[in-house]
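# A structural walkthrough
Spelled out, the chains give:
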Amino acid sequence: YKSSIPVGPQTALDSSAGVTAKGGRNKIMKRAVVLGAGGFIGGHLVKRLQRDGYWVRAVDIKRHEFFTEMGDDFVVADLRDVDQVKKIITSDIDEVYQLAADMGGAEFVASGDFDADIMHNSALINLHVCNLCQKMGVKKVFYSSTACVYPVYNQLDPTNPNCKEDSAYPAEPDSEYGWEKLFSERLFLAYARNHSMRVRIARFHNIFGPYGTWEGGREKAPAAICRKVAMTKDGGSIEIFGDGKQTRSFLIVDECVEGVIRLINSDFEGPVNIGSEEMVTINELTDTIIKISGKRIEVRHISGPTGVRGRNSDNTLIEQKLGWRPSRSLYDGLLKTYTWVKAQVDKKYS
Ligand code: NAD
């Protein structure tokens, strides 16, 4: 990574009286830092917080691919460098949302070729961020964990996976990505216990939607399948990894952001699942996208990384603790996502 700091408009911070942000919002505002704001969920979260009236410092090692306007203050920074983190998490910040991580799609994580980078980079980011949040007295800290922390032995049966929050131990995640997340959950919880830091942790399950990576190898299954379908002519065929009988659930990004905001403002520390309970096989996911496209497309199964056999969010705990659970249908989310991915494909390739 090559990074520099600061880049982009710097808004003067006034620690005593709130700040005046862009767009004419000039009342006293809460100040949030979103780390990983150049990424998929972080980008959507920044937009939502600004709509809710926050002053937002958006931070990433890269700029957002699709959103040119990002936060009130966009800082390009490498969060593995503690000196850069010190300039970002300052004593006038009320809330920190930590979504920065070294991650990618199934091919990237499952190949094993990037294990050392994934663990080293994400752990360093979390060590620095967690410590600075405590030192700077940040009032609310959110950390994004993952369903990948759940043990392989509970996800062998595609029809009946167990992803209850308390089933994470004894631990046996299927990837080093999952192990690092488990370590960092414990890191944030240790700071909460030893330093009374107010931490909230969510385990996201397959978040998807528009304005995310849709090609290049780091994209997730829904975006990848949308792209393949959008790029295929009527009567053609697409390739899917594995037999397609593995199960998953997918949550539209707007509801993920809604869950994050409800969680950080709640009394519940977590970790808690933020995901959909509408479990489908990858074949069903593919068929739905093909149906949305209106094309006749044949599916060919090829060998490739497929991950665990079955995974589904269990929303009992979130419902119990927040009185809320995601409710949007997979179909609605796929319709929105396919429409957006197709527009990107048309723009780039036709
Ligand atoms: P993303 O890859 O789009 O966003 C992560 C961002 O972190 C990227 O923009 C990346 O540039 C940034 N980053 C990486 N290293 C950095 C560094 N050294 N300094 C500064 N920034 C750095 O991923 P996402 O899908 O938006 O996910 C956000 C968070 O949610 C991640 O922590 C991820 O592990 C977690 N999560 C996501 C999903 C999902 O389905 N998308 C599922 C479970 C958990």
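Look up a bit, the structure's there.
As a starting point, this report considers the structure included with it.

## So, the environment of L285
Along the chain, L285 turns up in helix 8 (residues 282-293). On the basis of relative accessibility, which here comes to 0%, the residue L285 falls in the buried class. Remark: the alpha-carbon pair of L285 and Y331, spanning 46 residues in sequence, is separated by 9.1 Å. If near-sequence neighbours (up to four positions away) are discounted, L285 is found in contact with A221, P222, I225, F250, V280, L330 and L334.

## Here's the deal with unusual backbone geometry
The peptide bond linking Y169 to P170 adopts the cis configuration, its omega dihedral lying at -5°. You can see P170 is positioned in the loop between strand 5 (140-146) and helix 5 (176-195). Between G270 and the following residue, P271, the backbone shows a cis peptide bond with an omega angle of 0°. Located in the positive-phi region is S196, a residue other than glycine, with phi close to 50°. Tracing the sequence through the fold places S196 in the loop between helix 5 and strand 6 (199-204). Among the residues examined, S196 registers a relative accessible area of 66% and is labelled exposed. Here the phi dihedral of Y211 falls at roughly 60°; this positive angle occurs in a residue that is not glycine.

Basis of the calculations
Residues numbered from 1 in each chain as written. Predicted model: local features only at pLDDT ≥ 70, side-chain atom pairs only at ≥ 80, totals over all residues. Heavy atoms only, no water. Helix = DSSP H or I, 4+ residues; strand = E, 2+ residues; numbered from the N terminus. Buried < 20%, exposed > 50% of the residue type's maximum accessible area, 1.4 Å probe, protein only. Contact = heavy atoms within 4.5 Å.

Nothing here speaks to function; it is all geometry.
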